[in-house]
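# Breakdown of the fold
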Amino acid sequence: MSNKTYLTLENVQQFFGSYQALKDISLSIAEGEFVCFLGPSGCGKTSLLRIIAGLDLPTGGMVSQAGKDITYLPVKHRDFGIVFQSYALFPNLTVADNIAYGLVSQRIPANQRRARVKELLATVGLSGSEEKFPMQLSGGQQQRVALARALATSPGLLLLDEPLSALDARVRAHLRQEIKQLQEKLGVTTIMVTHDQEEALTMADKIVVMNHGVIEQVGSPQEIYANPKSPFVAEFVGEMNFLEAQVTQSGLLNSGSLHLRSPKNTLAYEQAVRVAIRPEDIRFTADTNIGNIVNARVVHLEFLGSRVRSLLQLDDRETPIMADISMNEMARLELSQGQKVVCQLPQDRLHIFAGAV
Ligand code: ATP
């Protein structure tokens, strides 16, 4: 990935009638970067991708590529390959003809086309499938063909619109890895739309979290996970426990019977805040002399494969909080349902968001 900017969006807006699907979206994407637009259904991620692809014109704003305004550039003059959720292969064409489709319109000679198709099929792990028809392939294989087709003209930008969401979990996980490796190898700038946080966390160099037509946060997967800027991001990417609290005169966070030390010292007296902590950051302890201790009761234990999730009932709270521990830790603690436990909500693991719900 280089530092050179490949694509810039400036104040992009999209209206459908009186409904504003995108509000002033500004963003820059570096050459070779893998960017994920992540957000819940209806947040505007596909609308934004369609504007970048040139399939829709924005109501306002500008899209530029390498410093050149391409907002109104017709699709056929854009240098991108696109893969949609549904495989969108031509059912009556062979795999080879599907892949070569863009090359034909570029008037590439037949022998070069054949060589390119062969090379692309090897790249996506489907060597020898030239003469098959799409219906003879599995969903994952069809999506590989769609990927090969999108890459056939060696585009500068690869656009992926939920390319894995129609596949079953195993194939999805496998293809996720393959696409990521292929993208790194080719160094092609890539934008992928997804509502799957795991997909975004594992594949992206940069995640753009969207909600209601705005960008909530832009950052690397690590930044987004460790330092979410809003409760929405905190909850949408990974899992989070929330406690409503008020700041005391001495700067503690008061939530029911809890008085927690805050990692922030800029909070105002009586300010309403939401205190958040990830399930894996809660510690089980026997030491009641350390700070930020809570007494709780285990109300449920859930086996999650490599770890165990316990639901902990705090004395004066209706909804339990989630705490995750490894299997080793579980063996050491021997937790059981109904057991009383002492936990620490470590000060440096708390996230503080201004305002009540
Ligand atoms: P999903 O994951 O469900 O595809 P999304 O985040 O991609 O969601 P968009 O498809 O971009 O969301 O849609 C954003 C909003 O704009 C939605 O409320 C949608 O109903 C609306 N919308 C999208 N396309 C049109 C259209 N052509 N006409 C009218 N409204 C539209």
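Residues numbered from 1 in each chain as written. Predicted model: local features only at pLDDT ≥ 70, side-chain atom pairs only at ≥ 80, totals over all residues.

### Details of the sheet that holds strand 14 (residues 272-277)
Backbone-to-backbone hydrogen bonds pair the strands of a sheet. The strands run either parallel or antiparallel. Taking strand neighbours across the sheet as the criterion, the five strands line up as 13-12-11-14-20 in an open arrangement whose pairing is antiparallel. Of all strands in the sheet, those with a lone pairing partner are strand 13 (258-260) and strand 20 (351-354), marking the two edges. Between one strand axis and the next, the sheet turns through 35° on average, direction left out of account. By the bridge criterion, three bridges tie strand 12 (residues 253-255) to strand 13 in an arrangement that is antiparallel. When the bridges of strand 13 are listed, Ser 255 appears paired with Leu 258. (Pairing = 2+ DSSP bridges. Helix = DSSP H or I, 4+ residues; strand = E, 2+ residues; numbered from the N terminus. Axes fitted to C-alpha atoms, helices over the stretch in contact; angles between N-to-C directions.)

### Looking at the domain arrangement of the protein chain
The domains assigned to the protein chain are domain 1 (5-235) and domain 2 (239-354). Using C-alpha coordinates to define each centre, domain 1 is positioned 39 Å away from domain 2. On the domain 2 side, the residues contacting the five residues of domain 1 number six residues. (Domains from an automatic or database assignment. Contact = placed C-beta atoms within 7 Å.)

### Section: the site of the ligand
The environment of the ligand is formed by Phe 16, Tyr 19, Ala 21, Gly 39, Ser 41, Gly 42, Cys 43, Gly 44, Lys 45, Thr 46, Ser 47 and His 195. Going through the elements one at a time, strand 2 (19-30) and helix 1 (45-53) are the ones with two or more residues in the shell around the ligand. By residue number, the principal contributor to the shell around the ligand is helix 1, which donates three residues. Looking at side-chain class alone, the shell around the ligand contains four nonpolar, seven polar and one charged residues. (Near = placed C-beta within 6 Å. Nonpolar A, V, L, I, M, F, W, Y, C, P; charged D, E, K, R; others polar.)

### Quick notes on the nonpolar core
One recurring pattern in soluble globular proteins is that nonpolar side chains are buried together. If you look at the biggest cluster of nonpolar residues, it comprises 65 residues, and the most contacted ones within it are Cys 36, Phe 37, Ile 99, Ala 148, Leu 159, Val 208 and Val 209. A total of six residues in this core trace back to one element, the largest contributor, which is helix 4 (residues 139-151). Each residue touching Ile 99, except ones within four places of it in the same chain, is listed here: Val 117, Leu 120, Val 145, Ala 148, Arg 149 and Ala 152. Listed in part, the 18 residues of the second largest apolar core include Leu 258, Ala 296, Val 298 and Ile 325. (Core = buried A, V, L, I, M, F, W, Y, C linked by C-beta atoms within 7 Å. Buried ≥ 20, exposed ≤ 12 C-beta atoms within 10 Å, placed from the backbone.)

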